[in-house]
Amino acid sequence: MSMSKQPKQKLVVFTGAGISAESGIRTFRDSDGLWEEFNISEVATPEAWQKNKALVLGFYNKRRQQVLNASPNAAHKALVKLELKYDVHIITQNIDDLHERAGSKNVIHLHGEINKSRSTVDENLVYPIKGDTIKLGDTCERGSQLRPHIVWFGEMVPMMEIAYEVAASADIFIVVGTSLVVYPAAGIVDYVPTATPKYLIDPHEIQVHGLANLKFIKEKASIGLPQLVNELLNTSN
Ligand code: OAD
């Protein structure tokens, strides 16, 4: 007699700045958000980099120092527990490494990673950053100035295709802490199959159109996500 083991259901989680807010990392578009203080065009575009490298490096050095001083919160940790039962894939817009530090295994970063630097002549040359700063004069092995490994506004999002594929194969889909206004990332929700149950956790009202089987949980991530995770772990599917 053989016991047939069901394959695990694929659970895909799409996260944004809101999941790290309670770890002390500022979001972009809340009332105290980063884009209230800084002008996107001056710190987060290829043009900004051409115009003032020191300013751009300084902006991301500060972001990096904040991330290094932050720790995963209850929401990041709850997602790790889901791996007990599900084949979990996280697609994040966040540049912090709090999902990895919490212990999540499969994490796709759409907008880059703050703890890495990249060559400005060959985008495939990516390095871990020693310490917390990239300085003017820090170079890649081919001698070019290093830049943050971040996807800026106006640049391609190389991980998008793979992320669409992951979303399209989701049995369950969870969205946490994103305003869903930055494209192409936000468009990922449209790739999730109609029949797939979807959950959206955010303390503020989020405009989503045309998404079938969606349950909106109006809570902070640290409250709403552990509750949802417990429910999903206790259902008999
Ligand atoms: P936003 O700042 O646009 O949105 C943050 C979302 O998190 C909002 O919907 C908030 O209501 C929600 N939020 C705030 N506190 C929360 C909490 N405690 N728990 C759960 N949700 C909370 O951030 P993103 O949608 O991630 O890109 O922004 C998308 C992209 O725009 C970022 O990846 C970044 C930014 O410019 C680049 O820099 C390329």
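Right above here is the structure, for reference.
None of the values given here were measured: they were computed from a predicted structure.

Can you break down the sheet that holds strand 4 (residues 112–118) residue by residue, with the values?
Reading across the sheet, the three strands line up as 5-4-6 and stay open at both edges, with antiparallel pairing between neighbours. At either margin of the open sheet sits one strand with a lone partner, and together these are strand 5 (126–128) and strand 6 (147–150). Averaged over all pairs of adjacent strands, the angle between their axes in this sheet comes to 55°, without regard to strand direction. Both strand 4 and strand 5 contribute to a ladder of three bridges, which runs antiparallel. Residue serine 117 lies in a different strand from strand 5, and its bridge partner there is tyrosine 127. Sitting on the sheet, helix 5 (residues 53–68) touches strand 4 and strand 6, and the angle it makes with strand 4 is about 125°.

Could you give an account of the sheet that holds strand 2 (residues 87–92), with specific residues and numbers?
Across the sheet, six strands lie side by side as 3-2-1-7-8-9; this open sheet has parallel pairing. Either end of the sheet is taken by a strand with one partner, and the two such strands are strand 3 (107–109) and strand 9 (214–217). Adjacent strand axes in the sheet meet at a mean angle of 15°, parallel and antiparallel pairs treated alike. Relative to strand 9, strand 8 (residues 198–201) runs parallel, the two being bridged by four bridges. If you follow lysine 198 over to strand 9, its bridge partner there is leucine 214. Those strands touched by helix 8 (residues 160–168) are strand 1 (10–15), strand 2, strand 3 and strand 7 (172–176), and its axis lies near 140° from that of strand 2.

Run through the site of the ligand, naming residues and quoting values.
As a structural note, the neighbourhood of the ligand is formed by 24 residues, with His111, Thr178, Ser179, Asp202 and His204 the closest of them. Between the ligand and phenylalanine 28 there is a distance of 2.7 Å, counted from an oxygen atom to a backbone nitrogen or oxygen. Surface burial for the ligand is 94%, taken as the share of its 790 Å² of free accessible area covered by protein chains. Taken together, the residues of the shell around the ligand sort by class into 10 nonpolar, nine polar and five charged. Two domains share the shell around the ligand, each providing at least three of its residues, namely domain 1 (1–25 + 72–111 + 157–237) and domain 2 (26–69 + 117–150).

Which residues make up the pairing of strand 4, and what values do they have?
For strand 4, the buried fraction is high: five of the seven residues fall into the buried class. Sheet topology note: the strand 4/strand 6 ladder contains four bridges and is antiparallel. When the bridges of strand 6 are listed, arginine 118 appears paired with arginine 147.

Outline the side chain of aspartate 202, supporting the account with residue identities and numerical values.
Within the element layout of this structure, aspartate 202 appears in the loop between strand 8 and strand 9. One buried charged residue, aspartate 202, forms no salt bridge at all, with the nearest opposite charge on lysine 218 at 8.3 Å.

Which residues make up the nonpolar core, and what values do they have?
In terms of nonpolar packing, the biggest core is built from 24 residues, with Phe14, Ile91, Leu110, Phe173, Leu180 and Ile188 touching the most fellow members. The leading source of residues in this core is helix 8, at five residues. The residues contacting leucine 180, other than those within four sequence positions of it, are Phe14, Val175, Ala186, Val189, Leu200, Ile206 and Val208. Counting residues in each nonpolar core, the second largest holds 23 residues, with Trp35, Ala70, Leu98 and Trp152 among its members.

Rules behind the numbers
Within any chain, residue numbers begin from 1 and follow the written order of that chain's sequence. Where totals are concerned, whole chains, interfaces and linings use all residues; where local detail is concerned, this predicted model gives features only for residues with pLDDT of at least 70, and gives and counts side-chain atom pairs only at 80 or more. As a rule here, side-chain values cover all heavy atoms of the structure and leave hydrogens and water aside. Criterion used throughout: strands pair if DSSP finds at least two bridges between them. Numbered from the N terminus, helices here are DSSP runs of H or I no shorter than four residues, and strands are runs of E no shorter than two. Only the stretch in contact is used when fitting a helix axis, every axis being a line fitted to C-alpha atoms; angles between N-to-C directions are given from 0 to 180 degrees. Contacts are assigned to residue pairs with any non-hydrogen atoms lying within 4.5 Å of each other. Any residue with a non-hydrogen atom lying within 4 Å of a molecule or strand is treated as near it. Between N or O atoms, a polar contact is any pair within 3.5 Å; within protein, one atom must be a potential hydrogen donor and the other a potential acceptor, and residues adjacent in sequence are included only when both atoms are from side chains. In this description, accessible areas are obtained by the Shrake-Rupley approach with a 1.4 Å probe, and a residue is regarded as covered only by the protein chains that are shown. Note on residue classes: Ala, Val, Leu, Ile, Met, Phe, Trp, Tyr, Cys and Pro are nonpolar, Asp, Glu, Lys and Arg are charged, and everything else, Gly too, is polar. Domain extents, as shown, originate in an automatic or database domain assignment. Three labels apply to residues, based on accessible area from a 1.4 Å probe with only protein chains included: buried if under 20% of the type maximum, exposed if over 50%, partly exposed otherwise in between. Only four residue types enter the tally: Lys and Arg on the positive side, Asp and Glu on the negative side; His and the chain ends are excluded. We count a salt bridge whenever a side-chain nitrogen from Lys or Arg sits within 4 Å of a carboxyl oxygen from Asp or Glu. Put simply, buried Ala, Val, Leu, Ile, Met, Phe, Trp, Tyr and Cys residues joined by side-chain atoms within 4.5 Å make one nonpolar core.

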